[in-house]
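Coordinate analysis (summary)
Residue-level listing of the chains:
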Amino acid sequence: MKLTKTATKLKPGMTLIEITVVILVLLTLISVLFIGANIYKKGADRAACILNIRNIQQAVRADQNLTNKTAGTSTLTKTDIVGTGKYLESEPTCPSNSAAYTWGTLYPAIGTLAAPCANIATLTDHVPGSITGW
């Protein structure tokens, strides 16, 4: 009897370990995608909040200049600024938590915000660090 060495043929396919590694890599990439989307949303909310504050500030300054009101002594009413056919059609809200901005009762001095965001204390980098010249 002659002994011969027979080659064993492997079936094509992936092993359980290879499949597990592929699934882990895919899950890692998906989690990175979700983290990136969350950071993108926060940045978009921050930009929208800054634009809202800017629009409020421009509307208040325009009304102050057109009505010849003095900063710090003249009363600021939101109804003069916000409404149909006025400077702002509707009152803007912060996109981070849908809260309304805190309006002051007097026209602000130069360099002071007319309606700051309530999220200033809770969110870092939510509004610009410097408002000099606004």
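Below is a summary of the structure that appears in this document.

1. Regarding the overall build of the chain
A count of helical and extended segments in the chain gives two helices and zero strands. Taking all 134 residues of the chain together, the buried fraction comes to 22%. Once local pairs closer than 6 in sequence are excluded, the contacts in the chain between residues at least 24 apart make up 59%. Working note: accessible area of the chain is about 9800 Å², and carbon and sulfur atoms make up 64% of it.

2. Quick notes on the pattern of salt bridges
Summed over the entire model, instances satisfying the criterion amount to two salt bridges. Its salt-bridge partner being Asp 45, residue Lys 41 comes within 2.8 Å of it at the nearest N-O pair. Of this pair, Lys 41 and Asp 45 both sit in helix α1 (residues 16-67), four residues apart, roughly one helical turn. Since its relative accessible area comes to 14%, Asp 45 is described here as buried.

3. Overview of unusual backbone geometry
The phi torsion at Asn 68 lies on the positive side, around 55°, for a residue other than glycine. If you trace the backbone, Asn 68 turns up in the loop between α1 and α2 (78-81). In this structure Asn 68 comes out as exposed when scored by relative accessible area, which is 70%.

4. Structural notes on the environment of Gln 57
Relative to the helices and strands, Gln 57 is located in helix α1. For Gln 57, a relative accessible area of 3% translates into the label buried. For the pair formed by Gln 57 and Pro 108, sequence separation is 51 residues and the distance between their alpha carbons is 9.4 Å. A distance of 2.8 Å separates a polar side-chain atom of Gln 57 from the backbone nitrogen of Ala 114.

5. Some thoughts on the side chain of Ser 74
Counting through the fold element by element, Ser 74 comes out in the loop between α1 and α2. From its side chain, Ser 74 meets the backbone nitrogen of Thr 70 in a polar contact 2.9 Å long. Setting aside chain neighbours within four positions, we find Ser 74 in contact with Lys 69, Thr 105, Leu 106 and Tyr 107.

6. Here's the deal with the side chain of Asp 45
A polar atom in the side chain of Asp 45 sits 2.8 Å from the side chain of Lys 41. Apart from residues no more than four positions distant in its own chain, Asp 45 is found in contact with Pro 95 and Ser 96.

7. Quick word on the nonpolar core
Soluble globular proteins: nonpolar side chains tend toward being buried together. Ile 56, Val 60, Ile 81, Leu 88, Tyr 101 and Trp 103 are the most contacted members of the largest nonpolar core, which has 17 residues in total. Here this core gets five residues from one element, more than from any other, and that element is α1. Here Ile 81 is in contact with Ala 59, Val 60, Asp 63, Leu 76, Lys 86, Tyr 87, Leu 88 and Trp 103, once residues within four sequence places are set aside.

Here is what the cut-offs are and how they apply
- Residues numbered from 1 in each chain as written.
- Predicted model: local features only at pLDDT ≥ 70, side-chain atom pairs only at ≥ 80, totals over all residues.
- Heavy atoms only, no water.
- Helix = DSSP H or I, 4+ residues; strand = E, 2+ residues; numbered from the N terminus.
- Buried < 20%, exposed > 50% of the residue type's maximum accessible area, 1.4 Å probe, protein only.
- Contact = heavy atoms within 4.5 Å.
- Areas by Shrake-Rupley, 256 points an atom, 1.4 Å probe, with all protein chains shown as cover.
- Salt bridge = Lys/Arg side-chain N within 4 Å of Asp/Glu carboxyl O.
- Polar contact = N/O pair within 3.5 Å; in protein donor to acceptor, adjacent residues only side chain to side chain.
- Core = buried A, V, L, I, M, F, W, Y, C linked by side-chain atoms within 4.5 Å.

Any functional reading would require information beyond the geometric quantities listed.
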